Amino acid sequence: MKLSPRRRRLVARVAGYVAFAAVLFAVAGAADWGRLSEAFFRLDIARGMFPDAVTIALRNTIVYTLLAFVFGLTLGLILALMRLSSILPYRWFATAYIELFRGLPSLLVLFMVGYGVPLAFPDREIPGGVYGSVAVGLGLTAAAYMAETLRAGIQAVPKGQLEAARTLGMSHTRAMISIILPQAFRIVIPPLTNEIILLTKDTSLVYVLGVTSTTIELTKFAGDTLNQRVNPTPLVVAGLLYLVITLPLSQLVRGLERRAGRER
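Worth saying up front: this structure is predicted, and the values here are computed from it rather than measured.

Hey, could you go over the UniProt feature "domain: ABC transmembrane type-1" (unreviewed entry) in the protein chain for me, with residue numbers and the actual values?
Mapped onto this numbering, the UniProt entry annotates "domain: ABC transmembrane type-1" (unreviewed entry) at residues 58-253. Within the segment residues 58-253, helix and strand shares are 80% and 0% respectively, and the terminal C-alpha atoms sit 22 Å apart.

What follows is the structure in C-alpha cells.
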C-alpha cells in the first residue's frame with residue numbers, strides 16, 4: 001500500500017522517536033548507577049554545602065554578573081556610538097578596541113586587570129576591591145560584543161526615524177537619545193540577555209583574582225569543597241545552581257524572540 005507524503009513523514013518521525021528512545025534506554029541500562037550515585041550524587045556532601053552555596057557563592061555569582069553587565073553595557077554603548085560616528089579617529093579607536101577584546105580570552109583580561117593595573121598604577125586601585133576588578137575585567141570583554149550588538153540594533157532602526165526627528169527640530173543627540181536608542185534597545189534585548197548568560201558562566205574565571213571566603217563564587221566554592229571531600233558531587237551542585245540562573249534567562253530570551261516575531 002502506497003503511503004501519502006504526510007503519512008510517510010509521520011512514520012519517519014515516529015521511527016526517529018523510537019530509535020532515540022531505544023538509544024537512551026540502552027545507555028541507561030548499561031550504566032552503573034550505583035557507582036555514579038556514589039561519585040556524583042552524595043546527598044550528605046550536597047547538604048553540607050548549604051546554605052553557603054546560596055548565601056555566599058550564588059549571591060556573589062549574581063552580583064559579579066550584574067556588575068560586569070552594567071559596566072559592559074555602558075562601555076559598549078559608547079563604543080557603538082563611536083563606531084557609527086562620522087569622526088574617523090573615533091571609528092578607528094572603537095574598531096580597534098572591539099577587534100582586540102573579542103580576540104583576547106576573558107581569563108587573560110581578568111588577570112591583567114587584577115595584577116597588571118596595580119603594577120602600572122601603584123598608588124591607585126579599582127574601587128570596590130574584587131567586585132570592581134571583576135566588573136572591569138569581565139566588562140571590558142563583554143563591551144566589545146555588546147558594542148557590535150548595539151550597533152546592529154541602531155542600524156536596524158529605519159533612517160527615516162532620525163530624519164523625521166531632525167525635521168521636527170531635534171538635534172542629532174536629542175534624536176538619538178529620545179528616538180533611536182529606545183527602539184534599538186527593544187530590538188537587541190534578546191541578544192543582550194544571552195550576553196548575561198555568557199557573563200554568568202564567565203564568573204567561573206574570577207578565581208584568578210584570589211577571592212576570599214566572602215567573595216567566592218560558585219565554581220571556586222565547588223572546587224574547594226571537592227578538594228576537602230575528595231568527591232565531585234560539589235561540581236554537580238554548582239552546575240544545578242548555575243542552571244537556576246541561566247534557565248530562566250533562556251526562557252526569557254525565547255519569550256522575547258517570540259514576541260518580537262509576532263510584532264514583525
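How would you explain the packing of aromatic side chains if you had to name every residue and give the values?
Considering all chains together, one arrives at 3 aromatic pairs under this definition. Look at Y64 and Y131: their rings are 5.2 Å apart centre to centre, the planes differ by 40°, and that puts the pair in the tilted class. Separated by 67 residues along the polypeptide, Y64 in helix α4 (residues 52-83) and Y131 in helix α7 (residues 130-156) bring together distant segments of the chain. Seen in terms of ring centroids, F111 and Y115 are 4.8 Å apart; in terms of plane orientation they differ by 40°. Their pairing is tilted. A residue pair is termed a helical-turn pair when its members lie 3 or 4 positions apart in one helix, as F111 and Y115 do in helix α6 (residues 106-120) at 4 residues.

Requested: an account of the packing of helix α8 (residues 159-167) against helix α9 (residues 172-202), with residues and values cited.
Packing of α8 against α9 brings their axes to within 9 Å, and their N-to-C directions diverge by 145°. Where α8 crosses over α9, the two elements pack in a sense that is right-handed. Taking contact as the criterion, the partners of Q161, L162, A165 and R166 in α8 are, on α9, H172, A175, I179, I180 and Q183. In terms of residue class, the contact of α8 with α9 is built from 5 nonpolar, 3 polar and 1 charged.

Account for the UniProt feature "transmembrane region" (unreviewed entry) in the protein chain, naming residues and giving values.
Those residues carrying the UniProt feature "transmembrane region" (unreviewed entry) are residues 62-82, 94-117, 129-147, 168-189 and 235-256 in this numbering. Summarising residues 129-147: 95% helix, 0% strand, and an end-to-end C-alpha distance of 26 Å.

The rules behind these values
- For every chain, the first residue of its written sequence is number 1, and the numbers climb from 1 along that sequence.
- At least 70 in pLDDT is required for a residue's local features to be given in this predicted model, at least 80 for side-chain atom pairs to be given and counted, and no such filter applies to totals for whole chains, interfaces and linings, which use all residues.
- The basis for the side-chain values is all heavy atoms of the structure; hydrogens and waters are excluded.
- UniProt positions are given in the numbering used here, feature names are shortened, and annotations may be inferred rather than shown by experiment.
- A run of H or I in DSSP counts as a helix once it spans at least four residues, and a run of E counts as a strand once it spans at least two, with each numbered from the N terminus.
- For Phe, Tyr and Trp, rings pair up if their centres lie within 6.5 Å, where Trp contributes its six-membered ring, and each pair is then called stacked (planes under 30 degrees apart), edge-to-face (over 60) or tilted (otherwise).
- All axes here are fitted lines through C-alpha atoms, helices being fitted over the stretch that makes contact, and every angle between N-to-C directions spans 0 to 180 degrees.
- In this scheme the crossing of two helices becomes right-handed for a clockwise turn of the near helix relative to the far one and left-handed for an anticlockwise turn of less than a right angle.
- Residues count as neighbours in contact if any of their non-hydrogen atoms are within 4.5 Å of one another.
- For this classification, Asp, Glu, Lys and Arg are treated as charged, while Ala, Val, Leu, Ile, Met, Phe, Trp, Tyr, Cys and Pro are nonpolar and the rest, including Gly, are polar.

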